[in-house]
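# Coordinate inspection notes
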Amino acid sequence: MASISSAVNTIKDDSLALVKDELKSLLTQAKDDTIEEIRETGEKIATWLVMRAKGELTDDEFQSLLYARDQLLRQFKIKMEIDARARLERIAVGLVNLVLDKIIGIAF
Amino acid sequence: MHAPARALTHRLVFFLSVLFALVTSGCALFTSHYDAGAYQNFTNLKAFHLKFLEDQTAQEGATYSEERMTSACDVGELKFREADEYARGKGDSLRIDALDVLHNVFKDNCKLARKQKKLFNPVYINELTPTLTRNYDLAIAGELARVKNPNSK
């Protein structure tokens, strides 16, 4: 994995100083995140920035990789929502069945 | 029955009615159940997409053919449309979205291929493949995580 500073330093345009600061801040936050998808996204983007600077990736390829990463994060969000809804349903159905069968059944 | 006991019973019946209505109404709070067809579509598309990238990557002896690339993209487009129609028939927006995300990446791959008019750079494919594989694995895991999956404990 490329270091954050080497990734940020691939941006040579001085007029983008603010962008560089923001990029450094976001890459640092991603690096320390507990969610694997976020941490890995930071590592990948740092690596791809350096590869692009070295000419190993074209701008179009770099853009395509970023898009694929963006779509992966969208998929991750969808999966979390499915997990949460499925969990809710399991608990709700379990509760209804338990109360109807065991508690109401005994009470009436 | 004493008044406090009656009040408690009324509350319990109300709570159960609401819960029962939620469970049986297919409310958006819940997700649709596991579907073997959707699972199969995700796994088939994963195999197809990875093979497509492999076939269209520059390697010794391989030559670029716009006709072959266009044909492969058309085949993929049809597979995604079929899977999309199937998902829409099931009426769960999360499943449709999961498929849409994968379709977006495929369309982007074809767009890049058409633009550069050459086989994919192996360095680019090496970087893309783990991200794409993880994307499919999450979609497949999402299908398996739904309730009433006969294979889950």
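Residues numbered from 1 in each chain as written. Chains lettered and ligands numbered in written order. Predicted model: local features only at pLDDT ≥ 70, side-chain atom pairs only at ≥ 80, totals over all residues.

## Remarks on the confidence of the model for chain A
Mean pLDDT over chain A stands at 87; residues scoring 70 or higher make up 96%. Averaged pLDDT values over the elements of chain A bottom out at 82 in helix H1 (residues 4–8) of chain A and peak at 92 in helix H3 (residues 36–53) of chain A. (pLDDT = per-residue confidence, 0-100. Helix = DSSP H or I, 4+ residues; strand = E, 2+ residues; numbered from the N terminus.)

## Overview of the environment of A:Ala30
Residue and element names in this part refer to chain A. Checked against the element boundaries, Ala30 lands in helix H2 (residues 17–31). Judged by C-beta crowding, with 20 C-beta atoms within 10 Å, Ala30 ranks as buried. Spatially, the C-alpha atom of Ala30 lies 7.8 Å from that of Glu40, the residues being ten residues apart in sequence. If we skip the residues at most four places from it in the chain, Ala30 touches Ile38, Arg39, Thr41 and Gly42. (Buried ≥ 20, exposed ≤ 12 C-beta atoms within 10 Å, placed from the backbone. Contact = placed C-beta atoms within 7 Å.)

## Concerning the interface of chain A and chain B
The interface is formed by 31 residues belonging to chain A together with 34 residues belonging to chain B. Sorting elements by how many residues they give to the side of chain A that touches chain B places helix H4 (residues 59–107) of chain A first, with 28 residues. For the side of chain A that touches chain B, the residue count by class is 17 nonpolar, three polar and eleven charged. (Nonpolar A, V, L, I, M, F, W, Y, C, P; charged D, E, K, R; others polar.)

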